[in-house]
Amino acid sequence: MDALIALRIKVENPPVGFGGGGGGGDGSGPAERLNHQDNGRKPGRVHMDAIQEVEMSSGANGANSEDERGRRNMAKSSKGREGKPDIEGFKPASLDILNHVKINIERETPISTLKGILTTSTSDLSFSKEELRKAEELITKAFVEFHKKLRVLKSYCFLNQLAFSKIMKKYDKVTKLVERVEATFIKHFANGNHRKGMDILRPKAKRKGIEDIMKNPGRALYMDNIFPLYSLFGFIVLHMLMYSANIYFWRRYRVNYTFIFGFKQGTALGYREVLLLSSALSVLTLGGVLSNLDMEMDERTKSFKALTELVPLGIVIVLLLIIFCPFNIIYRSSRFFFIQCAFHCICAPLYKVTLPDFFLADQLTSQVQAFRSLEFYVCYYVWGNFKTRSHKCPESKVFKDFYLVVAVIPYAFRLLQCFRRWVDEKDPSHVLNGLNSGIATIANTYWDIVIDWGLLRWNSKNPWLRDKLLVPSKSVYFIAMVLNVILRLAWMQTVMGIRDFPFMHRTALVAVVACLEIIRRGIWNFFRLENEHLNNVGKYRAFKSVPLPFNYDDNYASKHA
């Protein structure tokens, strides 16, 4: 509109000496020339002096309202002084805009179309009356269409409001009718019993009972094939969570676990780092489970049986790659320390047993079910038909034999460690501890509580505990001893074999009991290191003993003592 107004002024009353930027030879501005030309306009044509600026928002207040009132007062005072009223909200049209616009040319004939291909679609203004007429026609059409759109939009808003009001009236009528029907039915057919009447009027969908879920054929197929694959990661995550809890309480009660384990300074993981690793593994596992289910439900990937069944195997490969990654990422020093301790456990008789070594071996005895899950991985992906979720692992004699052998492997590590400690320390109690690993639950429980934890001292100043305690509440120790006995008994059932229960699948029950054993091991870890810490304090051990390069026999040592 600014361009159209300036074009009309230029065409009808061109200013004398008009030049660029709206300036003239007389030095007067565009607004002054516009007022001087009012008397020269043609009759019958309304001169468009300016454009009215309209604020669409009605919420202006505060400083904006004060400015607006100030402008109005100035406009009134200007009217009184000069005798010329200023239109509120108007601004004068500037001729300078003509130097920055071009006119759009519509190609109406074939010749003009060909010319338009060779030239640009816009051209400089010629300031002719024909050009002004075409511009006014186009602006008029634009105003008409814009006004039509606004009217349609207004009608649309009105129809929506009308429809919403009718819907609400209908809803009120239906709601009242429903209430009358319910009241009548409850009064005459339910003897005024509201719950009974509503149960008849609104019968609830019958939920599937536990027996129906148990009889679902897909449930057994999933529990026998997929659940054992993903349960491996659940055991690992739970053990990491228990270890992070151990670190937290060791720090809280000032147990020097970094010295006991022999961690290098600055490399020991805190409970936050262990929680981060366990959370990352749990998220990765959950992503695998969800992606597996999604690919089974999606029609596009439903036929890709091999891809869906290989998801848990892919997670195992990723986990192994991270553990053995040689690059200095993801806590390399801690990963290598773990690999070193695991290698010492495998080659137990060949290495001198340190506390981190047999501590890790104790952890492995609580992860028997994880070892069995690895055995199932080999059977399922090597000898089974994983594409159709069918295998005969439980029926294989080799699988059954290895099922027992795998459960014995962690205890064999501990047995070999105990024999090596017996040879090095000449302490026969280590032989008893090694034999207890596979003979008697009672002996194992006694060793945990009396030897590892240092409790059940009847002559102690803390009855049936020990003289020094780090935890202020004595009941914590008694509760831990009772839980250790109960959970160890439950764990032995998994080693010996668990039968099916009517309310739970055997695989799920084994997983639950395995989790209980991991929790028991986490409790054991705290009291085991607490006892080790108190022994170090009592014997004033604050530094690691360094072996000397020479070893003298007893006779020579006694002569030169």
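Every chain is numbered independently, its residues counted from 1 as its sequence is written. It should be noted that, the model being predicted, local features are given only for residues of pLDDT at least 70 and side-chain atom pairs only at 80 or more, the latter also being counted only at that level, while totals for whole chains, interfaces and linings use all residues. To obtain the side-chain values, all non-hydrogen atoms of the structure were included, while hydrogens and water were left out.

The name an unreviewed UniProt entry assigns to the protein chain is Phosphate transporter PHO1-like 9, from the organism Vitis vinifera. UniProt positions are given in the numbering used here, feature names are shortened, and annotations may be inferred rather than shown by experiment. Its UniProt record gives the protein chain a comment under Subcellular location (unreviewed entry), which states: "Membrane".

(A) A look at the overall build of the protein chain. The helix and strand tally for the protein chain stands at 22 helices and four strands. A buried classification covers 32% of the 561 residues belonging to the protein chain. Pairs of residues are marked as contacts when any of their non-hydrogen atoms sit within 4.5 Å. Within the protein chain, counting contacts between residues at least 6 apart in sequence, those at least 24 apart form 65% of the total. A total accessible area of about 37,400 Å² is found for the protein chain, and carbon and sulfur atoms account for 63% of it. Going along the chain from the N terminus, every DSSP run of H or I of four or more residues is numbered as a helix, and every run of E of two or more is numbered as a strand. Burial here depends on accessible area, computed with a 1.4 Å probe over protein chains only, as a share of the maximum for the residue type. Under 20% is buried, over 50% is exposed, and the range in between is partly exposed. Residue-level accessible areas treat just the shown protein chains as cover; the underlying method is Shrake-Rupley with a 1.4 Å probe.

(B) Region of interest: the side chain of Glu309. Along the chain, Glu309 turns up in helix α12 (residues 305-309). Classification of Glu309 as buried rests on a relative accessible area of 2%. Of note is the side chain of Glu309, whose polar atom sits 3.1 Å from the side chain of Tyr380. When near neighbours in sequence (up to four residues on either side) are disregarded, Glu309 contacts Ile226, Glu296, Tyr380, Tyr381, Phe386 and Arg389. In protein, a polar contact requires one atom able to donate a hydrogen and another able to accept it; more generally it is a pair of N or O atoms within 3.5 Å, and residues adjacent in sequence count only if both atoms are side-chain atoms.

(C) Seen up close, unusual backbone geometry. The backbone of Asn191 shows a phi angle near 55 degrees, a positive value even though the residue is not glycine. Tracing the sequence through the fold places Asn191 in the loop between α5 (129-189) and α6 (194-201). Positioned with a positive phi, Leu456 is a non-glycine residue whose angle comes to about 60 degrees. Its place among the elements puts Leu456 in the loop between α19 (441-452) and α20 (475-496).

(D) Region of the structure containing the pattern of salt bridges. One side-chain nitrogen of Lys or Arg within 4 Å of one carboxyl oxygen of Asp or Glu is enough to make a salt bridge. A full pass over the atoms with the stated rule returns 11 salt bridges. Residues Glu182 and Arg202 are paired through a salt bridge, measuring 2.8 Å at the closest nitrogen-oxygen approach. Taken together, the residues Glu182 in helix α5 and Arg202 in the loop between α6 and α7 (210-214) connect sequence positions 20 residues apart. The class for Glu182 is buried, based on a relative accessible area of 16%.

(E) Here's a closer look at the packing of helix α15 (residues 355-365) against helix α17 (residues 397-425). Two elements in contact, α15 and α17, have axes separated by 8 Å at closest approach and are oriented at 155 degrees. Taken together, the axes of α15 and α17 are roughly antiparallel relative to one another. Regarding α15 and α17, the two cross each other, and that crossing is left-handed. Taken together, the residues of α17 that come into contact with α15 (itself represented by Asp357, Phe358, Ala361, Asp362, Leu364 and Thr365) are Pro410, Tyr411, Phe413, Arg414, Gln417 and Arg421. Ten residues, namely Ala, Val, Leu, Ile, Met, Phe, Trp, Tyr, Cys and Pro, are considered nonpolar, four, namely Asp, Glu, Lys and Arg, are considered charged, and the remaining ones, Gly among them, are considered polar. Its residues placed into classes, the contact of α15 with α17 shows six nonpolar, two polar and four charged. Helix axes are fitted to C-alpha atoms over the stretch in contact, other axes to C-alpha atoms as well, and angles between N-to-C directions run from 0 to 180 degrees. For classification purposes, angles smaller than 35 degrees are called roughly parallel, those larger than 145 roughly antiparallel, those between 65 and 115 roughly perpendicular, and all remaining angles oblique. Crossing chirality is assigned from the near helix's rotation relative to the far helix, an anticlockwise turn below a right angle marking it left-handed and a clockwise turn marking it right-handed.

(F) Inspection of the packing of helix α9 (residues 227-252) against helix α16 (residues 368-383) at higher detail. Between α9 and α16, the shortest axis-to-axis distance is 9 Å and the interhelical angle comes to 150 degrees. Taken together, the axes of α9 and α16 lie roughly antiparallel to each other. Here α9 and α16 pass one another in a crossing that is left-handed. Residue-level inspection shows Pro228, Leu229, Tyr230, Ser231, Leu232, Phe233 and Phe235 of α9 in contact with α16, the latter providing Gln369, Ala370, Ser373, Leu374, Phe376, Tyr377, Tyr380 and Tyr381.

(G) Examining the state of the cysteines more closely. Sulfur atoms of two cysteines make up a disulfide when they are within 2.5 Å. What the rule picks out here adds up to one disulfide. Linked covalently through their sulfurs, Cys379 and Cys393 form a disulfide whose S-S length is 1.9 Å. Of note, the bridge from Cys379 to Cys393 carries an S-S torsion of about -110 degrees and is left-handed in sense. Of the two residues, Cys379 sits in helix α16 while Cys393 sits in the loop between α16 and α17, which places them 14 residues apart along the sequence. By relative accessible area, Cys393 is classed as buried at 1%. For the unlinked cysteine Cys341, the closest cysteine sulfur is that of Cys345, found at 6.9 Å. Among the residues examined, Cys341 registers a relative accessible area of 5% and is labelled buried.

(H) Spotlight on the nonpolar core. Core analysis: the biggest nonpolar cluster contains 28 residues, and Leu229, Tyr230, Phe233, Tyr377 and Tyr380 have the highest contact counts within it. Every element with two or more residues in this core is listed here: α9, α11 (271-297), α13 (311-323), α16, α17 and α21 (506-538). No other element matches α9, which puts eight residues into this core. Setting aside anything within four residues of it in sequence, one finds Phe233 in contact with Leu281, Thr285, Pro312, Ile315, Val316 and Tyr377. Counting 26 residues, the second largest nonpolar core, distinct from the first, contains Trp250, Trp453, Leu455 and Trp524. The definition of a nonpolar core used throughout is a set of buried Ala, Val, Leu, Ile, Met, Phe, Trp, Tyr and Cys residues joined through side-chain atoms within 4.5 Å.

(I) Inspection of the UniProt feature "transmembrane region" (unreviewed entry) in the protein chain at higher detail. As annotated by UniProt and renumbered to match this structure, "transmembrane region" (unreviewed entry) occupies residues 229-250, 271-290, 310-331, 475-491 and 503-519. Its end C-alpha atoms 33 Å apart, residues 229-250 is made of 100% helix and 0% strand. The span residues 271-290 is 100% helix and 0% strand, and its two end C-alpha atoms sit 28 Å from each other.

(J) Quick peek at the environment of Ile236. Along the polypeptide, Ile236 turns up in helix α9. Accessibility expressed as a relative area gives 25% for Ile236, which makes it partly exposed. Considered as a pair, Ile236 and Ser278 are 42 residues apart in the sequence and their alpha carbons are 8.1 Å apart. For Ile236, the residues in contact, after removing those within four places along its chain, are Leu281, Leu319 and Gln367.

(K) Inspection of the packing of aromatic side chains at higher detail. Working definition: rings of Phe, Tyr and Trp (its six-membered ring) pair if their centres are within 6.5 Å, and the pair is stacked with planes under 30 degrees apart, edge-to-face with planes over 60 apart, and tilted otherwise. As enumerated under the stated definition, the model contains 21 aromatic pairs in all. Ring centres 5.3 Å apart and planes at 80 degrees place the aromatic pair Tyr248 and Tyr271 in the edge-to-face group. Placement of Tyr248 in helix α9 and of Tyr271 in helix α11 is noted, with a sequence separation of 23 residues between them. By relative accessible area, which is 37% here, Tyr248 ends up partly exposed. Judged by centre distance (6.1 Å) and plane angle (70 degrees), the ring pair of Tyr253 and Phe526 falls under edge-to-face. Linking Tyr253 in the loop between α9 and α10 (257-261) with Phe526 in helix α21, this pair joins segments that are 273 residues apart in sequence.

(L) Main features of a nonpolar patch on the surface. Taken together, the side chains of Leu276, Leu284, Val318, Ile322, Phe327, Ile329, Ile330 and Tyr331 make up a nonpolar region of the molecular surface, amounting to roughly 690 Å² of accessible area. Of all the secondary structure elements, the ones that give two or more residues to the nonpolar patch are α11 and α13. Relative to the helices and strands, Val318 resides in helix α13. The exposure class of Val318 is partly exposed, given its relative accessible area of 36%. Only residues whose relative accessible area exceeds 30% and that take part in no salt bridge are eligible for patches, with like-charged residues grouped when within 9 Å of each other and nonpolar side chains (Val, Leu, Ile, Met, Phe, Trp, Tyr) grouped when within 5 Å.

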